[in-house]
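# Topology and contacts: notes
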Amino acid sequence: MARAIWLVLDSLGIGHAPDADAYGDAGADTFGHIAAACAAAPRGPLQLPNLTRLGLPAAHALAGGQVAAVFAAAPAPVALWGCMAEQACGKDTPSGHWESAGVVLDRPFGVFDAPQNSFPPELLAALVDAAQLPGVLGNCHASGTEILDRLGAEHIATGKPIVYTSADSVFQIAAHEQGFGLQRLLTLCELARALLAPYNIGRVIARPFIGAAATGFQRTGNRRDYALPPPAPTLLDAVRAAGGEVIAVGKISDIFAAQGVGRSVHASGHDALFDATLDALTQAGDGTLIATNFVDFDSVYGHRRDVFGYAAALEHFDARLPQLLEHLRADDLLLLSADHGCDPTWPGSDHTREQVPLLAYSPGLAPRALGKRSSFADLGQGIATHLGLPALSAGRCFLTSQAA
């Protein structure tokens with residue numbers, strides 16, 4: 001019986017979506033702009049031999065109509081390859097993952113639009129009262145690292161947690177792991193999750209950090225995401241209902257609010273996430289879905305607008321891919337995709353509304369082009385077909401059809 005391995009290269013967009021202009025993102029191209037920057041820099045061109053064989057540059061060229069720098073002579077892909085546009089509104093992590101798993105949101109999440117004084121006073125007052133806080137700092141749109149540099153010392157001195165947001169549907173709380181306490185931060189985020197019910201906010205994110213003003217502050221791997229649950233059963237639920245196991249690696253379980261997850265494996269950093277995925281694959285039985293989110297592409301490099309850091313992370317991921325490929329059984333299906341873009345050359349520090357790759361490889365599948373797909377849900381429908389599950393409520397199976 002078949003197994004499926006779904007790897008989410010968080011934020012690896014491959015060209016602006018058809019409706020990107022409505023988001024101020026017309027022209028955004030995470031992969032293309034990284035490739036161009038590398039080709040023009042002393043570091044040299046982006047080197048991705050394994051992702052190239054799986055069809056990433058081909059999918060990018062299909063999405064935008066232009067071959068990325070230095071990939072014009074790339075060999076023909078050995079996998080199924082195409083690009084997908086999102087149906088749901090927004091450019092956030094939950095909607096991208098949920099749609100990929102067969103649930104397309106029919107209304108966008110709520111957001112806090114105001115760059116300053118972003119949160120309603122009554123919300124903050126309720127949070128301060130419920131958690132018996134001396135107050136909060138921040139209350140604005142901000143980059144996670146910038147706001148630590150600006151307010152970390154004051155947080156330690158006053159005991160006030162730092163609350164901030166962005167163009168995405170998030171309420172983020174940063175606090176020092178020792179000075180404030182990790183468990184206290186997680187409890188605070190649970191309180192915030194409950195208080196945010198009327199606002200339809202996709203995620204509350206705990207952002208613990210360590211360090212001191214004199215030496216600098218660093219976020220730790222103890223981040224937690226408190227997401228709303230998907231509004232309908234997803235691919236993960238379908239796998240469990242059929243008697244299969246869902247192994248969620250990294251923040252996948254948080255994104256789905258643990259709905260449909262059989263086993264959650266915590267790991268921080270791409271090497272640890274890759275190792276955990278390999279371990280899961282060696283243990284996985286028939287009918288298993290392994291899903292892993294490689295979050296550092298987004299949180300460490302995309303949001304921080306670190307072009308060459310993003311490039312190096314892609315190259316390191318690429319170098320590890322053969323370890324996974326050699327462990328695949330003849331009836332395994334490996335899928336690589338993304339949930340949105342986060343173009344490190346783009347203004348600001350937010351996600352970008354982009355198309356994403358759909359790369360699918362199995363030793364028993366003949367390579368072919370999948371065309372331009374009109375929904376991320378095509379990925380989940382393909383996994384459902386591969387695992388012998390009933391059809392999901394959204395998406396067209398890429399294994400049995402061409403472009404949507």
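Before any of the text, the structure's been laid out above.
What this report covers is the structure whose coordinates are included nearby. Within any chain, residue numbers begin from 1 and follow the written order of that chain's sequence. Per-residue local features of the predicted model are confined to residues with pLDDT of at least 70, and side-chain atom pairs are confined, for both listing and counting, to 80 or more; whole-chain, interface and lining totals are unaffected and use all residues. To get the side-chain values, take all heavy atoms of the structure and skip hydrogens and water.

## Notes on the overall build of the protein chain
Helix and strand assignments come from DSSP, with helices taken as H or I runs of at least 4 residues and strands as E runs of at least 2, each series counted from the N terminus. In terms of regular secondary structure, the protein chain is built from 13 helices and 14 strands. Principal axes of the C-alpha set define a box for the protein chain whose edges measure 60 × 50 × 40 Å. Buried residues are those whose accessible area, probed at 1.4 Å on protein chains only, stays under 20% of the maximum for their type, while exposed residues exceed 50% and partly exposed ones sit between those limits. Burial analysis of the protein chain (404 residues in total) assigns 59% to the buried set. Between two residues, a contact is recorded if the distance between any of their heavy atoms is within 4.5 Å. Partitioning the contacts of the protein chain with sequence separation of at least 6, the portion at a separation of at least 24 is 70%. Computed with a 1.4 Å probe, the accessible areas rest on the Shrake-Rupley method; for each residue, only the protein chains presented here act as cover. Of the roughly 14,600 Å² that the protein chain leaves accessible, carbon and sulfur atoms contribute 54%.

## Brief notes about the packing of aromatic side chains
Side-chain rings of Phe, Tyr and Trp (the six-membered ring for Trp) are treated as a pair once their centres are within 6.5 Å; stacked means planes under 30 degrees apart, edge-to-face means over 60, and tilted covers the remaining angles. Under the counting rule described, the total for this entry stands at 11 aromatic pairs. Ring centres 6.1 Å apart and planes at 50° place the aromatic pair Phe274 and Phe294 in the tilted group. Taken together, the positions of Phe274 in helix α10 (residues 270-283) and Phe294 in strand β11 (residues 289-294) put the pair 20 residues apart, joining distant regions of the chain. This pair shows no difference in class: Phe274 is buried, exactly as Phe294 is. Centre to centre, the rings of Phe294 and Phe317 are 5.0 Å apart; their planes meet at 80°, and the pair counts as edge-to-face.

## Describing the packing of helix α1 (residues 30-39) against helix α12 (residues 307-325)
Here α1 crosses α12 at 100°, and the two axes come no closer than 10 Å. With respect to α12, the element α1 is oriented roughly perpendicular. Two secondary-structure elements touch here, α1 through Thr30, Ile34, Ala37 and Cys38 and α12 through Val307, Phe308, Tyr310, Ala311 and Leu314. When residues are sorted by character, Ala, Val, Leu, Ile, Met, Phe, Trp, Tyr, Cys and Pro go into the nonpolar class, Asp, Glu, Lys and Arg into the charged class, and all the rest, Gly among them, into the polar class. When its residues are assigned to classes, the contact of α1 with α12 shows eight nonpolar, one polar and no charged. For helices, the fitted axis covers only the stretch in contact; all axes are lines through C-alpha atoms, and the angles between them, taken along N-to-C directions, range from 0 to 180 degrees. Small angles under 35 degrees read as roughly parallel and large ones over 145 as roughly antiparallel, with 65 to 115 read as roughly perpendicular and the rest as oblique.

## Here we look at unusual backbone geometry
Despite not being glycine, Gln132 has its phi angle at roughly 55°, a positive value. Non-glycine residue Asn200 carries a positive phi angle of around 55°. The exposure class assigned to Asn200 is buried, which follows from its relative accessible area of 18%.

## Examining the packing of α10 against α12
Interaxial distance between α10 and α12 falls to 11 Å at its minimum, and their mutual angle equals 10°. Between α10 and α12, the interaxial angle falls into the category roughly parallel. When you trace α10 past α12, the crossing you get is right-handed. Contacts from Asp271, Phe274, Asp275, Leu278 and Leu281 in α10 reach His316, Phe317, Arg320, Leu321, Gln323 and Leu324 in α12. The class makeup of the residues in the contact of α10 with α12 is six nonpolar, two polar and three charged. Left-handed is the label given to a crossing in which the near helix is rotated counterclockwise from the far helix by less than a right angle, and right-handed is the label when the rotation is clockwise.

## Focus on the sheet that holds strand β9 (residues 246-249)
In short, DSSP must find at least two bridges between two strands for them to pair. Pairing is mixed across the open sheet formed by eight strands, whose spatial order is β10-β9-β11-β1-β12-β13-β2-β14. The two strands at the open ends of the sheet, each matched to only one other strand, are β10 (263-265) and β14 (368-373). For this sheet, the mean inter-axis angle between neighbouring strands, taken without regard to orientation, is 15°. Direction of pairing for β9 relative to β10: parallel, over a ladder of three bridges. From the neighbouring strand, Val249 faces β10, where its bridge partner is Val265.

## Some points on the pattern of salt bridges
Any Lys or Arg side-chain nitrogen located within 4 Å of an Asp or Glu carboxyl oxygen qualifies as a salt bridge. Scanning the entire structure with this criterion turns up 17 salt bridges. Glu86 serves as the salt-bridge partner of Arg353, at 3.5 Å between the closest nitrogen and oxygen. Placement of Arg353 in the loop between β12 (332-337) and β13 (356-361) and of Glu86 in the loop between β2 (80-84) and α4 (93-100) is noted, with a sequence separation of 267 residues between them. The residues Arg353 and Glu86 share a single accessibility class, namely buried. The salt bridge partner of Asp286 is Arg329, with a shortest N-O separation of 2.7 Å. Highlighted residues: Asp286 in the loop between α10 and β11 and Arg329 in the loop between α12 and β12, separated in sequence by 43 residues.

## Some details on the side chain of Glu99
Of note, Glu99 is situated in helix α4. Positive charges come from Lys and Arg, negative ones from Asp and Glu, while His and the chain ends are left out of the count. Although Glu99 is buried, it makes no salt bridge; Arg353 carries the closest opposite charge, 6.8 Å away. We call two N or O atoms a polar contact when they sit within 3.5 Å, provided that within protein one can donate a hydrogen and the other can accept it, with sequence-adjacent residues counted only if both atoms are side-chain atoms. Only 3.0 Å separates the side chain of Glu99 from the backbone nitrogen of Ala88, close enough to count as a polar contact.

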